[in-house]
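What follows is each chain in one-letter form.
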Amino acid sequence: MRRLIPTLSIVLTVALVGGCGTKSDDSATPDATAAAPSKLEPVAAVKQGMDRSLAGTLSMQASIKAGNQSMTLGGQMDPVAKAIQISGKAPEPIEVRMLDNTAYIKSESTEGKKPWMKIDLGKLKSTSTLRQSFDFKSQTGLVGGTVSAQEVGEGRYTGVADLNKAAEGAGTEAGMREGLESTAKLAKDPTAIPFEATLDADGRLTTLSYTIATKSLGDLVTEMRMSEFGKPVTVEAPPAGETEAADEEMYAFL
């Protein structure tokens, strides 16, 4: 079971650092049904772009390279209903589903008697990476720490983010701030993380790529694509006969 922990940590870092659920002032949080915003200055456009993308249902695809490891992920999510389904290779096949406060993990690393491991997120420590990554309300990420940006083409932006500033602006629930602080400690220069982003005509962030040069793991290169905004999302729990509840030993490591 312990082999599962590094895999989950890397897989869910995409959401943690990328910005799944950026935090902003209430006055700046977009309405999912609102019209496209008027032209904003670049930093505000990028930050609000992530907010607008996550105001309703969407699909997301991501590729991550960490040193000599690479992984691909794809799935759909409903941040409002707290439902998510992600599958891919990291590097072995893995599938993750979440319904409200329950997560289901399918991976060879679970080493259980049944295909799916069932996790009660409420039992996880507040500093748990897994809990952080599934907490839509408290999450903020790299986008939240954007310090500079410029538009380099129609809807295309380049910029720099500061992981320390992202951590400062993060909520304290679910240990999100601690998670970003840990990521910042791995980076050679956490104050200058380069990124590229694309916004659609409705001001929603559709692509995000960034590279974190780490002290010991090589470059962490992430590319994310978001699409199918507003389309119905259906996430179902695996059959009860195929699930096995995580034991106390697993909770101690998660």
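Note that the structure is predicted; figures quoted are calculated from it, not measured.

Caption draft 1: Spotlight on the sheet that holds strand 2 (residues 69-78). An order of 7-8-9-10-11-1-2-3-4-5-6-12 is seen for the twelve strands of this open sheet, with the pairing classed as mixed. Unpaired on one side and paired on the other, strand 7 (146-153) and strand 12 (243-245) mark the two borders of the sheet. Recorded for the sheet is a direction-independent mean angle of 20 degrees between the axes of neighbouring strands. Of the pairings in the sheet, the one linking strand 5 (residues 102-107) to strand 6 (residues 116-120) comprises five bridges and is antiparallel in character. In the sheet register, Ile-105 faces strand 6, and the bridge partner there is Met-117. Helix 2 (residues 42-53) rests against strand 1 (58-66), strand 7, strand 8 (156-161), strand 9 (193-199), strand 10 (205-213) and strand 11 (219-227) of the sheet, and its axis sits at about 95 degrees to strand 7.

Caption draft 2: Expanded view of the confidence of the model for the chain. Counting all residues, the mean pLDDT for the chain is 79, and 75% of those residues have values of 70 or more. Per-residue pLDDT stays below 50 along residues 1-17; that stretch engages in 59 contacts with residues further than four places along the chain or on separate chains. Throughout residues 19-33 the model reports pLDDT below 50, and contacts reaching past four residues in sequence, or to other chains, amount to 37 contacts.

Caption draft 3: Structural detail: the pairing of strand 4 (residues 93-99). Strand 4 sits mainly inside the fold: five of its seven residues count as buried. In the sheet, strand 3 (residues 83-89) pairs with strand 4 via seven bridges, with the strands oriented antiparallel. By the bridge assignment, Gly-88 is partnered in strand 4 with Ile-94. Adjacent in sequence and paired antiparallel, strand 3 and strand 4 are bridged by three residues. Looking at chain direction, strand 4 and strand 5 are connected through six bridges and run antiparallel. Counterpart to Glu-95 in the pairing with strand 5 is Lys-106. Between the end of strand 4 and the start of strand 5, which pair antiparallel, lie two residues, with Asp-100 showing a positive phi angle near 55 degrees.

How each quantity is defined
Residues numbered from 1 in each chain as written. Predicted model: local features only at pLDDT ≥ 70, side-chain atom pairs only at ≥ 80, totals over all residues. Heavy atoms only, no water. Pairing = 2+ DSSP bridges. Helix = DSSP H or I, 4+ residues; strand = E, 2+ residues; numbered from the N terminus. Axes fitted to C-alpha atoms, helices over the stretch in contact; angles between N-to-C directions. Contact = heavy atoms within 4.5 Å. pLDDT = per-residue confidence, 0-100. Buried < 20%, exposed > 50% of the residue type's maximum accessible area, 1.4 Å probe, protein only.

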